Amino acid sequence: MPSAFDTSTCRVALLSGGTSGEREISLASGKGALAALQEAGFPVQCFDPAKKEDLIALIDGNFDVAFLCLHGRKGEDGAIQGFLETIGLPYIGPGVWSSATAINKARSKEFYRLAGVPTAPSMTISSSDSLDVDSIVAQIGTHVVVKPATEGSSIGISIVDTREALEEAISEAFEHDSEIVVEKFVRGREFTVAVIGNDKPRALPIIEIIAQKGEFYDFESKYAAGGSRHICPAELSEEDAETIKREAVAAHKALSCEGVSRTDFILDDEGKPWALETNTIPGMTETSLLPDAAAAAGIPFPQLCTMLIEYALERSGR
């Protein structure tokens, strides 16, 4: 991309809202991104994919790029990306396959393992399976994390340490998804690493997440005022920091991500990072992690949004 990018001639369609359980968070992300894009000088028009007329307007519109602030199903799962590919509109963030794979915690763990990215032992269970709790306990133990496979924002996640609680957590997770992941609990500090770029992705400064409410970085910790504390750059040894950054880039590449991703890790007591999940459309709210990490790297929010658009146009060949 040319270094002097004229933002005033790049027409942006900003997509937020949608129909997932994370709709309200998506709208908040859209509000934050809209202000940053306007400050950067882009002409922006907002759309909500939950409205059929907005989808028709995207088809009929004359836009240069779509800026995605959608979270959860039909936003991060490749559905809207496929629609945009079909109508020939470039968009920020990873493509269809990467989005569909990353949102599924069971599938993404398979690709982590193939790429050598450490991830905790786990089992994947479908609602059509005959539930065998004894087999789960035998293979994974009772101190586990139970997660809906394709929900975001920690919706439906439970940490349990007894057989009885495990059965309840599985039942609750199936209320959110037809496929769930039961993962061995790893005790340690929680970090997240944003990665930006296409052919030569690079990690931004690491953020340590300290939940102030609840046992882990759950929905309330993520979005409630005072729910969590972010330390950026994280207080780590140079060796640990480089290891986590390297694994974040490896996770980004393992899922064939382009433009941006953000991978969450647990650093255990022995100094080994374990990948939890990769987000392909990180949040853009006031408490979101990607803008925090960019700021720590000396990249203001409007410049970050501009870079994401440049990556999108570069990928599309425009």
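See the structure shown above.
Residues numbered from 1 in each chain as written. Predicted model: local features only at pLDDT ≥ 70, side-chain atom pairs only at ≥ 80, totals over all residues. Heavy atoms only, no water.

## A word on the overall build of the chain
Here comes step 1: Tallying secondary structure elements over the chain gives 11 helices and 13 strands in all.
Here comes step 2: Taking 20 Å as the expected radius of gyration for a compact globule of 318 residues, we find that the chain reaches 19 Å, a close match to that expectation.
Here comes step 3: Here the C-alpha coordinates of the chain stretch approximately 60 × 45 × 40 Å along the principal axes.
Here comes step 4: Across the 318 residues that make up the chain, the buried fraction comes to 55%.
Here comes step 5: Sequence separation of 24 or more characterises 68% of the internal contacts of the chain that already satisfy a separation of 6 or more.
Here comes step 6: Across the chain, the mean location of the 28 positive side-chain charges is 3 Å away from that of the 48 negative side-chain charges. (Helix = DSSP H or I, 4+ residues; strand = E, 2+ residues; numbered from the N terminus. Rg over C-alpha atoms; globule rule 2.2 N^0.38 Å. Buried < 20%, exposed > 50% of the residue type's maximum accessible area, 1.4 Å probe, protein only. Contact = heavy atoms within 4.5 Å. Lys, Arg positive; Asp, Glu negative; His and termini not counted. Charge placed at Lys NZ, Arg CZ, Asp CG, Glu CD.)

## Things to note about the sheet that holds strand β2 (residues 44-47)
Here comes step 1: The strand order across the open sheet formed by 3 strands is β2-β1-β3, and the pairing between neighbours is parallel. Each edge of the open sheet is held by one strand with a lone partner, namely β2 and β3 (65-68). The sheet shows a mean angle of 30° between the axes of neighbouring strands, taken without regard to direction.
Here comes step 2: Examined bridge by bridge, strand β1 (residues 12-15) and β3 share 4 bridges and lie parallel to one another. In the strand pairing of β3, V12 is matched with V65. (Pairing = 2+ DSSP bridges. Axes fitted to C-alpha atoms, helices over the stretch in contact; angles between N-to-C directions.)

## A look at the sheet that holds strand β7 (residues 179-184)
Pairing between the strands of a sheet comes from backbone hydrogen bonds, and it takes one of two forms, parallel or antiparallel.
Here comes step 1: Strand order across the open sheet formed by 4 strands is β4-β7-β5-β6, with antiparallel pairing between neighbours. Because the sheet does not close on itself, it has two edges, and the strands there are β4 (122-126) and β6 (158-160). Going from strand to strand, the sheet's axes swing by 20° on average, the running direction of each strand aside.
Here comes step 2: Looking at chain direction, β4 and β7 are connected through 5 bridges and run antiparallel. Across the sheet, S122 pairs through a bridge with E183, a residue of β7.
Here comes step 3: Where helix α5 (residues 105-115) meets the sheet, it contacts β4, β5 (144-148) and β7, and its direction lies at approximately 50° from that of β7.

## Remarks on the packing of helix α1 (residues 23-40) against helix α11 (residues 301-316)
Here comes step 1: The geometry of α1 relative to α11 is characterised by a closest axis approach of 8 Å and an angle of 90° between their N-to-C directions. Classed by the angle they form, the pair α1 and α11 counts as roughly perpendicular. Side by side, α1 and α11 meet where G32, A33, A36, L37, E39 and A40 of the first sit next to F301, P302, C305, T306 and I309 of the second. (Parallel < 35°, antiparallel > 145°, perpendicular 65-115°, else oblique.)

## Overview of the environment of I281
Here comes step 1: As for its position among the elements, I281 is in the loop between β13 (273-279) and α10 (289-296).
Here comes step 2: Taking the C-alpha atoms as reference points, I281 and D77, 204 residues apart in sequence, are found 9.9 Å from one another.
Here comes step 3: Those residues in contact with I281 that sit more than four places away from it in its chain are L68, C69, L70, H71, G75, E76 and Q81.

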